[in-house]
Amino acid sequence: MAKQHVTLYRLKPDVKTFDAAIKGKPPRVLDLDRSAFDFDARLYVEDTDPREPRWAAFVRDGFGSLNFAKSPTVRAALLLKVKGVGSLYAITFSGGRYMLTDDAIERSFGLRTALNVIFENDTTDAPVSRLRRVDAKTVSANTLHVNRQANKGADFDAFGIDIRRDLLGGVTGEPADTKKWGSRIVGGDALGTWVSPEFARLEDLVKEAEAAYLSRHYERRFAWIDNVRVVRDKTAIAALHALTAQSVKSGRVPDLAPPEVIDWKRVSNFTYSIDPVQSFPELRFADYRRLLKNWLNNKRSGQALSFAELKSQHVEARNEAGETAYQWSILSCLDLELKHNGGTYLLVGGDYFVVSDDYISELDDAIGGFKESKVKLPNGKAGQRENSYNDAAATALHALNMDAKTVKARTTTTAIEVCDLLTSKRELIHVKRDLGSANLSHLFAQGYVSADLLLSSVEFRRAALKKIRSLESKPGQFSALFSESSFVSAEFEVVYGIITEWRGRTLQQALPFFSKVTLRRCMEDLRRLQYRASYRRINCA
């Protein structure tokens, strides 16, 4: 007998009734005949309006005489209550997921359950080749959604997921016990599996799913998935919205920063939507907050700032002609750490994340152990562009200014900056302004990619040397530092220079969370390549 595919959701423990999990009131509600079963259930059924297929209008231009039958879609949600199980469960059919309220669903239930089922009874560190697909998200300069699928069962390491940086969203694989769970299981927020078509079997399914979810066996290999998680709980998000507005109004914000990598040559000043007449040479929270206080006083005598008001405000980066070069919401320019119900939360690029305290401590310890370079880079100036700063720094250090002097080789898909400043002491200095996650992630990745290519690619080295020779004022002044045929990475130091108002803060105090994650990875990679690696705080007056 063919098995039935089910999509199973676990509802949060505070959802006590079936109706509390359903949006509105569907036209048809059917209660289970309890005399025939040992569990309780209710079926919610909703018919959509009859309609033609969506593609009908497109093909009718070519086949005008065709008539298409209109038919409704029937979607449904089956709610289950099983004795001995602390939470209600839901099975959805044909879009029935959208009949459930978002607040009712236990997020990542399916992911944890699937990991426990796939790796059940796994007691060794040997590879377990049962995974077929992995879904993850990398939060960095750009948020990348990664879906990788294998043509046969593979171990997790085969999918190339960076467990220190990537957020695991879902897995598909073969259960260890195929008799119980079938040949394939899918886990994300929901659990997808194939079960016996006998309705009475649902009681056992819920009990088995609950036991698998509550198991902590996944921690043997996947404890790291609890380090950082996207917050999807609407109740928690509402509380974080209020905390965000409070933090902004009270001034408990490290600073504002562009949420994307920008071309500073295009930026002359910044303006804020709450007072667009005033302009500022830098994107600074202190300037925005001063305008915000005036705006609130004029609007309603300094009353509390609502999240809706905060969300509606924006900042513009303008060029010398007064034209808008970039525009972002104020919310997306915040890199904010929040405390809620004893947990640590992050606001990055407009999204909220929850982070384990142990992971933050571990990360800060690593960042605190990084060396600060002794290179005497000059201070920056308010409104100073990066190219202008690099000109001044090159003069002060008697260094070669390689800012925007990119190198292209067949081993690269795009042109790469060797560095911004090359010194006679073999320091490869990379410089960026501000503490935005996007800007810093780009800085750290740029330093690593260039260093890796210099070491591994003869062609890139040859192209880099050609560029250096074209820029140096005296033959061999900088090009003599290394040759095409050989490169000793241990002789070079990669320096990350960050221009901002440091105000006495340490690196771990100032960096946004995801920038710390990227920096740790890049520093460790540079050290594996035998480079000396360091950072330099550059104050901005």
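Nothing here was measured: the structure is a model prediction, and the numbers come from that model.

## Focus: empty space enclosed by the protein
The full count for this structure, using the stated rule, is 3 cavities of 30 Å³ or more. Around the largest cavity, the lining comprises 13 residues; the ones closest to its centre are Glu-282, Arg-284, Asp-434, Thr-500 and Glu-501. Looking at the lining of the largest cavity residue by residue, the classes come out as 6 nonpolar, 1 polar and 6 charged. Its boundaries defined by the atoms lining it, the second largest cavity holds a volume of some 90 Å³. Ile-163, Arg-165, Asp-166, Leu-167 and Val-228 are the residues nearest the centre of the second largest cavity, which is lined by 14 residues in total. Taken together, the elements giving at least two residues each to the lining of the second largest cavity come down to strand E8 (166–173) and helix H14 (513–528). Partitioned by chemical class, the residues of the lining of the second largest cavity number 10 nonpolar, 1 polar and 3 charged.

## Quick look at the sheet that holds strand E19 (residues 400–401)
Taken together, 5 strands build an open sheet; the order of strands is E19-E22-E23-E24-E25 and the sheet is mixed. At either margin of the open sheet sits one strand with a lone partner, and together these are E19 and strand E25 (532–539). Sitting on the sheet, helix H10 (residues 386–397) is in contact with E19, strand E22 (421–422), strand E23 (427–433), strand E24 (493–500) and E25, with an inclination near 145° to E23.

## Comments concerning the packing of helix H2 (residues 109–118) against helix H4 (residues 202–214)
Close contact between H2 and H4 brings their axes to 8 Å; oriented N to C, the two are set at 90°. Classified by the angle their axes make, H2 and H4 are roughly perpendicular. Residues Phe-109, Arg-112, Thr-113, Asn-116 and Val-117 of H2 pack against Ala-209, Ala-212 and Tyr-213 of H4. For the contact of H2 with H4, the residue count by class is 5 nonpolar, 2 polar and 1 charged.

## Observations regarding the pairing of strand E3 (residues 40–47)
In this sheet, E3 lies alongside strand E2 (residues 28–31) in antiparallel orientation, the contact comprising 4 bridges. Across the sheet, the residue bridging to Arg-28 is Val-45, located in E3. Pairing between E3 and strand E4 (residues 74–81): 8 bridges, direction antiparallel. The residue bridging Leu-43 from the neighbouring strand is Leu-78, located in E4.

## Here's the deal with the sheet that holds strand E12 (residues 269–272)
Taking strand neighbours across the sheet as the criterion, the 4 strands line up as E13-E12-E14-E15 in an open arrangement whose pairing is antiparallel. Strand pairing shows two members of the sheet lacking a second neighbour, strand E13 (275–280) and strand E15 (324–329), which therefore form its edges. Averaged over all pairs of adjacent strands, the angle between strand axes in this sheet comes to 25°, irrespective of strand direction. Of the strand pairs in this sheet, E12 and strand E14 (residues 314–318) are connected by 4 bridges, and their pairing is antiparallel. Note that in E14 the partner of Tyr-272 across the bridge is Val-315.

## Topic: the layout of surface pockets
The calculated volume of the largest pocket comes to roughly 770 Å³. Around the largest pocket, the lining comprises 28 residues; the ones closest to its centre are Arg-107, Ser-108, Arg-229, Val-230 and Arg-232. Within the residue set of the lining of the largest pocket, elements represented by two or more residues are H2, strand E6 (131–138), strand E7 (144–154), E8 and strand E11 (228–230).

## Section: the side chain of Glu-472
Along the chain, the position of Glu-472 falls in the loop between helix H12 (458–471) and E24. One buried charged residue, Glu-472, remains without a salt bridge, the closest side chain of opposite sign being Arg-469 at 5.3 Å. Here the side chain of Glu-472 touches Gln-477 through a polar contact of 3.3 Å, landing on its backbone nitrogen. Not counting residues up to four positions away in its chain, the partners in contact with Glu-472 are Leu-400, Gln-477, Phe-478 and Ser-479.

## Some thoughts on helix H9 (residues 357–368)
Given 3.6 residues to a turn, an α-helix orients residues that are three or four positions apart in the same direction. In this model H9 runs 16 Å from its N-terminal to its C-terminal C-alpha over 12 residues, within 8% of the 16 Å that 1.5 Å per residue would give. Those residues of H9 lying buried are Tyr-359, Ile-360, Leu-363 and Ile-367. Buried residues of H9, seen end-on, are gathered within an arc of 100° and therefore sit on one face of the element. Residues of H9 that are exposed and point more than 90 degrees away from the buried face comprise Asp-358 and Asp-365. In this fold, the buried residues of H9 make contact with E11, strand E16 (335–340), strand E17 (343–348), strand E18 (351–355), helix H13 (507–510) and H14.

About the criteria used
- Sequence order as written defines the numbering, with residues in each chain counted from 1.
- Only residues with pLDDT of at least 70 are given local features in this predicted model, and only at 80 or more are side-chain atom pairs given and counted; all residues enter the totals for whole chains, interfaces and linings.
- In computing side-chain properties, one takes all heavy atoms of the structure into account and sets aside hydrogens as well as water.
- The definitions used throughout rest on a 1 Å grid laid over the protein atoms alone, on which a cavity is an enclosed set of points accommodating a 1.4 Å probe that cannot get out and a pocket is an open set flanked by protein within 12 Å on both sides along at least five of seven lines; lining residues are those having an atom within 4 Å of a point.
- Grid points are joined across faces, edges and corners, and a volume is the space filled by probe spheres set on the points.
- Gly falls in the polar group here, along with every residue not listed as nonpolar (Ala, Val, Leu, Ile, Met, Phe, Trp, Tyr, Cys, Pro) or charged (Asp, Glu, Lys, Arg).
- Strands here mean DSSP runs of E at least two residues long; helices mean DSSP runs of H or I at least four residues long; both are numbered from the N terminus.
- Two strands qualify as a pair provided DSSP detects at least 2 bridges between them.
- Whether two residues touch is decided by their heavy atoms; if any such pair falls within 4.5 Å, the residues are in contact.
- For helices, the axis comes from a line fit to the C-alpha atoms of the stretch in contact; other axes are also lines fit to C-alpha atoms, and the angle between any two N-to-C directions lies between 0 and 180 degrees.
- Roughly parallel here means an angle under 35 degrees, roughly antiparallel means over 145, roughly perpendicular means 65 to 115, and every remaining angle is called oblique.
- Here the term buried applies to any residue with accessible area under 20% of the maximum for its type, exposed to any over 50%, and partly exposed to those in between, with areas from a 1.4 Å probe on protein chains only.
- Two residue types count as positive, namely Lys and Arg, and two as negative, namely Asp and Glu; His and chain ends fall outside the count.
- Put simply, a salt bridge is a Lys or Arg side-chain nitrogen that is within 4 Å of an Asp or Glu carboxyl oxygen.
- Here a polar contact means two N or O atoms within 3.5 Å. Within protein one must be a hydrogen donor candidate and the other an acceptor candidate, and residues neighboring in sequence count only if both atoms are side-chain atoms.
- Expected helix span is given by 1.5 Å per residue-to-residue step, counting one fewer step than there are residues.
- Here the arc refers to the directions that run from the helix axis out to each C-beta atom.

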